[in-house]
Amino acid sequence: MPQPAAIILSVAVFSAAAFWLDRRSRDWLSLGGERAIAEMRRDTIEIARLEPHPEKLAAQFEKFLRDQCQTSYAALLVDQGEAHTAGRLQFAKNRPGYAALAEKGWTTPESLLRRRSTPGLDDLRAFLAEHSLGLMVASPRGSPNPTLIIALGTKTNEWPFTYPEVQRLQNIAELMDNILTRSRLTLQAAVRARMEHLAMMSRGLAHDLNNLITPISSFLVHTDGRYASGSPEGEVHAAARRSVRIMGDYVREALFFSERLTPRFERVELGRIFQEVCAVTATRAAERGVAVVGVPEYDGPVTADSVLLQRMLANVVGNAIDASGRGQTVTLSATLGRSGFLCLRVADAGCGIAPDNLARIFDPYFTTKKYGDDVRGFGLGLTICQKIVQLHGGTVAVESELGKGTTVTLNLPLAQSA
Ligand SMILES: Nc1ncnc2c1ncn2[C@@H]1O[C@H](COP(=O)(O)OP(=O)(O)OP(=O)(O)O)[C@@H](O)[C@H]1O
Ligand SMILES: [Mg+2]
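J.: Which parts of the structure should I look at to understand the site of ligand 1?
T.: Neighbouring ligand 1 are 24 residues; Asn319, Ala323, Thr367, Gly381 and Leu382 lie closest to it. Listed by contribution, the elements that provide at least two residues to the shell around ligand 1 are helix H10 (306-323) and helix H12 (381-392). In the shell around ligand 1, the residues fall into nine nonpolar, twelve polar and three charged.

Structure below.
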């Protein structure tokens, strides 16, 4: 073949190959290189701007990564003490692969093929294979204690992740890590500020109210029986006693927030707490014809404040009873949650919560219940629960569908540091 023809042919072959390779690399991101990173960073920041809640934000980041990275699986594993977890996926810190990943900062099944066998790398290989992962990156880079690990499934086109793709993901992982950390701190600060505000309001209100109702209450006690029952005076007297009792309850509930509470952590028996919660809510349940059932599936060691734990569960079970119809059942359960956490759940098949109300149920004094019938309804039950959860370093989440029912999930650490 003459030389110019050979050159033209090689250029044509090379261009075709380059075009094909370029098309393949476009699979991962619509654009290559620096511009792709800039666009992904911009999109990531935009998602964060619209979603302030850290857990929902993590779920949106996962969806974004699935869409962008040509994979049907993406998980953000966050530090939960003994392991990094995302849903059911757990990557324990004490497994040899953890240190190996932290040291290198990323791994793919293909990069491990080229490396000699060590306990750490073998463990990583097994973890990737077990969960069909195509790429894992840890953030921050080079840290022995990463705060975030991103795991991607294998690509839908079955090609391996390339090194430039790994670098892009590392870049995005660090951005997501920073944003999630900030989002969590902002949420914690907001809950703390709300509790402090509530404490200040409650202190003033509850103490003054308490002083004012004490003489009325004593008067009513001393005049009890003076008026014939059924007479107009007798009825007014009974109504006044009921109102004063309600005011007393109200003051006690409000005072919960004014105290600087220090939980008394001790080893608790979940079985006993469940029994007590059922006993405390039995009258309410019987009146409404609702059954409350629950035996803890997990009844191992838990350190918590037993009085507060019981109060928290009684509040949530009480709400579930109020929401249920005659003949329905409220289920209380305890299982081992994500690593190092206890997962308590209260589920009902009652009226559910309207989406507009769902955003407000933890607000102090938000209630849809009318006081005056047999149902309490200060709108403080869930605010109190949120404070108890906060005192234990846990989280609370509520899922609800109108007409179908509600599930409240309380995640509490199994152990408390001194
Ligand atoms: N399981 C549930 N099903 C339906 N709605 C619920 C449920 N749990 C809570 N809610 C809604 O959330 C509101 C706030 O609940 P919260 O426990 O804070 O106050 P409350 O029950 O109204 O009054 P309190 O607990 O002070 O007696 C309720 O009024 C109700 O509208
Ligand atoms: Mg309540």
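J.: Even after reading the chapter, I still don't get the confidence of the model for the protein, so can you show me in this structure?
T.: Low pLDDT means the predicted atomic positions in that stretch should not be read closely. Per-residue pLDDT for the protein averages 87, and the proportion of residues at 70 or more is 89%. Taken together, the stretch residues 17-27 has pLDDT below 50 and engages in four contacts with residues farther than four places along the chain or on a different chain.

J.: What should I look at first to understand the environment of Arg226 in this one?
T.: Locating Arg226 in the fold gives a position in the loop between helix H7 (163-222) and helix H8 (232-258). Classification of Arg226 as exposed rests on a count of 9 C-beta atoms within 10 Å. A C-alpha to C-alpha distance of 9.4 Å links Arg226 and His237, two positions eleven residues apart in sequence.

J.: Where do I start with the pairing of strand E12 (residues 395-401) in this structure?
T.: The pairing of E12 with strand E13 (residues 405-413) spans seven bridges and is antiparallel. Considered in E13, the bridge of Thr395 is made with Asn411. The hairpin turn running from E12 into E13, its antiparallel successor, is three residues long, and Gly403 in that turn takes a positive phi close to 80 degrees.

Thresholds applied
- Residues numbered from 1 in each chain as written.
- Chains lettered and ligands numbered in written order.
- Predicted model: local features only at pLDDT ≥ 70, side-chain atom pairs only at ≥ 80, totals over all residues.
- Near = placed C-beta within 6 Å.
- Helix = DSSP H or I, 4+ residues; strand = E, 2+ residues; numbered from the N terminus.
- Nonpolar A, V, L, I, M, F, W, Y, C, P; charged D, E, K, R; others polar.
- pLDDT = per-residue confidence, 0-100.
- Contact = placed C-beta atoms within 7 Å.
- Buried ≥ 20, exposed ≤ 12 C-beta atoms within 10 Å, placed from the backbone.
- Pairing = 2+ DSSP bridges.

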